[in-house]
Amino acid sequence: MTEPRVPLFDVRLSEEEISAVAQTLRSGWLTMGPRTSSFEDDFAEHLGVRHAVAVSSCTAALHLAYLAAGVGPGDEVIVPAITFVASASAARYCGAQPVMADVVGDADLGVDPADVEARIGPRTKAVCAVHYGGYAAAVEELRALCDERGLALIEDAAHSPSARPRGSDRKLGTYGLAGCFSFFSNKVLSCGEGGLLATGDDDVAALARSRRSHAMTSSTWDRHRGHAAGYDVVDLGFNYRMDEPRAALLAARLGGLEADIESRRRLTLRYRRLLSEVPGVSTPYTDADVDTSSCYVMAVMLDEGSVREPLRRIMSERHGVQTSVLYPAVHEFTAYASDSDERLPCSEAIARRQLTLPLYPHLSDDGQDAVITSLAEGLAELAPGTEGTLAAPRAR
Ligand SMILES: Cc1ncc(COP(=O)(O)O)c(C=O)c1O
């Protein structure tokens, strides 16, 4: 398989970041310990939140957040249909049913608060707000709704490690009972696999700290330092621990996070300007929204969903440009389709027409131009009235 000329995402680590991991490997302590704890302090300060609990993934953080919200068998959690499946599957881990809500529309891929409200019922325990692509969902409105109805708001902040709603200084992930972050490879702040639960609530933090390590009353690190001799197990817990090399990498990368996001914002604004000249495609959100977004992905909406797959082939095969779809609608997956036969028109339209373009901090202007050229050329070729031209693809 040939490498794409412009990949969807790319990770570039500095020598300092690599050396932080190498030093950890030489330190003789690899599992959750001082580096994890120090990264938690740094991230809590970065967010301006009381507690940050590092875990093995955002999925683990979501599971712990729902448990902390008291979600259990027979309950319902309202989740946007346009998200990664983990926002919903973590509710199922608790024995609860995820109930999908529609998103706002083409210009805002966040969950629609009015549709959330319409789906609140006697079994609803929590609402999950996903900050799609690093752009704030209507989190203040959702927080007010949840407070009024006695529900927990959980933020899936997997995409938004330093983002804010427009006009606010408060970072996303700090509005709900808990905010859940992902450090998966392709994320804005990444270490391979990792996550974090942020909360201002002491009890939620205590539950997450306990359950991430089998609900044991002391950790291996405590016992290693002679701070504890044995342990009890006080609840059903999990192995959701982070390890030291990942924590060291995250701590080293946190210092560059704002600069990375600035590059993402510059590239996003440049994409938006170039795309405004291309017929057949539009961009969600506004230039002003970019200022407070972490710009995780460059999402575009195609006028015609039917051209998406041939367009992706043209972009990939002729131009070496990799693309993706964020996201298929969760309620249309085989594992979720039988939960309800209700239609969610905005989410379904978006799932058919959305296309994700390459974006990472060191994407060059030339690389970005190649993406736009491939997209414009493909769309022109596939425009109505030009059917058949695909039969003879040009060699490159
Ligand atoms: C919106 C969203 N939520 C949750 C997750 C799960 O994150 P992780 O892979 O760290 O478990 C992802 C990962 O892609 C995501 O995009």
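This one's a predicted model, so the numbers in the text were calculated from it and none came from an experiment.

Criteria and thresholds
- Residues numbered from 1 in each chain as written.
- Predicted model: local features only at pLDDT ≥ 70, side-chain atom pairs only at ≥ 80, totals over all residues.
- Heavy atoms only, no water.
- Axes fitted to C-alpha atoms, helices over the stretch in contact; angles between N-to-C directions.
- Helix = DSSP H or I, 4+ residues; strand = E, 2+ residues; numbered from the N terminus.
- Parallel < 35°, antiparallel > 145°, perpendicular 65-115°, else oblique.
- Left-handed = near helix turned anticlockwise from the far one by under 90°.
- Contact = heavy atoms within 4.5 Å.
- Buried < 20%, exposed > 50% of the residue type's maximum accessible area, 1.4 Å probe, protein only.
- Pairing = 2+ DSSP bridges.
- Right-handed = clockwise from strand over helix to strand, strands pointing away.

Two elements in contact, helix H3 (residues 58-68) and helix H4 (residues 86-93), have axes separated by 8 Å at closest approach and are oriented at 45 degrees. Judged by the inter-axis angle, H3 sits oblique to H4. The handedness of the crossing between H3 and H4 comes out as right-handed. Where H3 approaches H4, its residues Thr-59, Leu-62, His-63 and Tyr-66 are matched on the opposing element by Ala-86, Ser-87, Ala-90, Ala-91 and Tyr-93.

Most of strand S2 (residues 76-80) is tucked away: five of the five residues are buried. Burial of the side chains of S2 extends over both faces: Glu-76, Ile-78 and Pro-80 are buried on one face and Val-77 and Val-79 on the other. The pairing of S2 with strand S3 (residues 97-101) spans five bridges and is classified as parallel. Residue pairing in the sheet places Pro-80 in a bridge with Ala-101 of S3. You can see the chain leave S2, run along H4 and come back into S3, and the turn it takes is right-handed.

Looking now at the sheet that holds strand S8 (residues 178-182). Taken in spatial order, the seven strands of this open sheet run S1-S9-S8-S7-S6-S2-S3, and their pairing is mixed. Bordering the open sheet on either side are strand S1 (51-55) and S3, each of which pairs with just one other strand. The mean inter-strand angle of the sheet, taken between neighbouring strand axes irrespective of direction, is 25 degrees. In the sheet, strand S7 (residues 152-156) pairs with S8 via three bridges, with the strands oriented parallel. Bridge pairing in S8 links Glu-155 to Gly-179. Across the sheet, helix H2 (residues 34-47) lies against S1, S8 and strand S9 (195-199), angled at about 135 degrees from S1, the strand it touches most. In the packing of H4 onto the sheet, the strands contacted are S2, S3, strand S6 (124-130) and S7, and the crossing angle to S3 comes to about 150 degrees.

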